Amino acid sequence: MSMPTKIKINILLSLPPSDFLAHLGGIYEKSPWIVQQFYNEHLSPSLDASVVEATKERITNVKQLFDEMKRYVKDGGKEMQLDLLRSHPDLCLKLDPPGDADDTATAATTTDEDITQESRHEQRRANLSTLTPTERTTFHKLNNEYKSKFQFPFILAVRNASKYTVLSALEGRVGSSVEEEMSNALFQVDKIAWMRLLDKVDYAEGANGHGGFLTCHVLDTANGIPASGMQIDLYRYDTVDSNDGTNTQKQERKLIKSFITNSDGRLNGPALTGSEFKEGQYEWIFYAGDYFAKYSGSRLSGTPFLDVVPLRFGLDDPTEHYHVPLLVSPWSYSTYRGS
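A brief structural summary. (Residues numbered from 1 in each chain as written. Predicted model: local features only at pLDDT ≥ 70, side-chain atom pairs only at ≥ 80, totals over all residues. Heavy atoms only, no water.)

So, the pattern of salt bridges
Here is the rule: What makes a salt bridge here is a side-chain nitrogen of Lys or Arg within 4 Å of a carboxyl oxygen of Asp or Glu, nothing more. The way it works is that DSSP assigns letters per residue, a run of H or I at least four long becomes a helix, a run of E at least two long becomes a strand, and they are numbered from the N terminus. Burial classes: relative accessible area under 20% of the type maximum marks a residue as buried, over 50% as exposed, and values in between as partly exposed (1.4 Å probe, protein chains only).
If you walk through the whole model with that rule in mind, you get 16 salt bridges. Here Glu29 and Arg196 are joined by a salt bridge, their closest N and O atoms 2.8 Å apart. A residue pair is termed long-range when its members are at least 10 positions apart, and Glu29 in the loop between helix H2 (17-24) and helix H3 (33-42) and Arg196 in helix H11 (residues 178-198) qualify at 167 residues. A salt bridge links Glu276 to Lys257, with the nearest nitrogen and oxygen atoms 2.9 Å apart. Placement of Glu276 in the loop between strand S8 (272-273) and strand S9 (280-287) and of Lys257 in strand S7 (residues 249-260) is noted, with a sequence separation of 19 residues between them. For Lys257, a relative accessible area of 24% translates into the label partly exposed. One continuous salt-bridge network, built from bridges that share partners, spans Lys63, Asp317, Glu320 and Arg337.

Right, dumping it as structure tokens:
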């Protein structure tokens, strides 16, 4: 019987070794030994029962589980870390080289069969197949330069990245020192593993979500007061197939909730909490023009300079509190991640 896509963390920690490894062994690319080592040292039936019980009491959410697993990468020697980096596929693998035989010879060193299902899915979401000929030439040139210099493939957590993000990151990182870039690449490896783990681990039985929540506060900087009575909409972006024959994906925008700020410029509770609070890309829509219209001192024109203020942001960790406020006047706005 196949296991569900996501398993409650308290159930996961009680799985037999073969099932545990089958479910989580792929979070680090072709490196199941990381998950295996964690299991052997903390959950194995051969351990004293008190050790296993302490692990289950200590790890109650997905972030705690990940923090313990990634330690094996951090504490590993340089050769182990290099092996881990070299186990990742070339981002150029699915792209045809831009032209001559030299390009063909230096393009991809990995065969299509070597790509794991996880990497195939993640690379597809970056839509690299839509690169223009000029972008493709630039991509291959920088990628070959990168591999020649560092002797491992360019690694980027591309699940929520566009082709422009990938090109920009490659251009910026190819000039790094070897030591600096190894640290950059290992950070990306951990990010990839983290996103894969989120796809596989659910919150504990009886819990209402992983513990994270989203809040908002709007301050009217023109009048020096909380922005009471402002309408705010919250949207979520989901990645879906384009269904246009291009084998690419697109983002679909969906309205989740609408709010009116209270007398303190806040919402009456978290915008998202419990099982509603999921990692992904979101967008606040603030109806600032409607709000400022009630103040005669705002002297809004027939076409307000700021009418509807969109603010797109990402939630990466379902165990944390994300506070995403807005400081706004009829002519300016700013935001930050608060607490």
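Right, picking up where we left off after that structure.
Re the pairing of S9
Each regular strand carries side chains that alternate between the two faces of the sheet. Quick note on the threshold: Criterion used throughout: strands pair if DSSP finds at least two bridges between them.
Most of S9 sits inside the fold, with seven of its eight residues counted as buried. Where strand S6 (residues 231-241) and S9 come together, six bridges link them in antiparallel fashion. The residue bridging Asp233 from the neighbouring strand is Ile285, located in S9. Here eight bridges tie S9 to strand S10 (residues 308-315), and the two strands are oriented antiparallel to one another. Residue pairing in the sheet places Tyr287 in a bridge with Val308 of S10.

What about the sheet that holds S6?
The cut-off we apply is this: Axis definition: a line fitted to C-alpha atoms, limited for helices to the stretch in contact. Angles are taken between N-to-C directions and run from 0 to 180 degrees.
Pairing is antiparallel in the open sheet, where four strands are placed in the order S7-S6-S9-S10. The open sheet is flanked by S7 and S10, the only strands paired with a single partner. Going across the sheet, the axis of each strand differs from the next one's by a mean of 25°, ignoring polarity.

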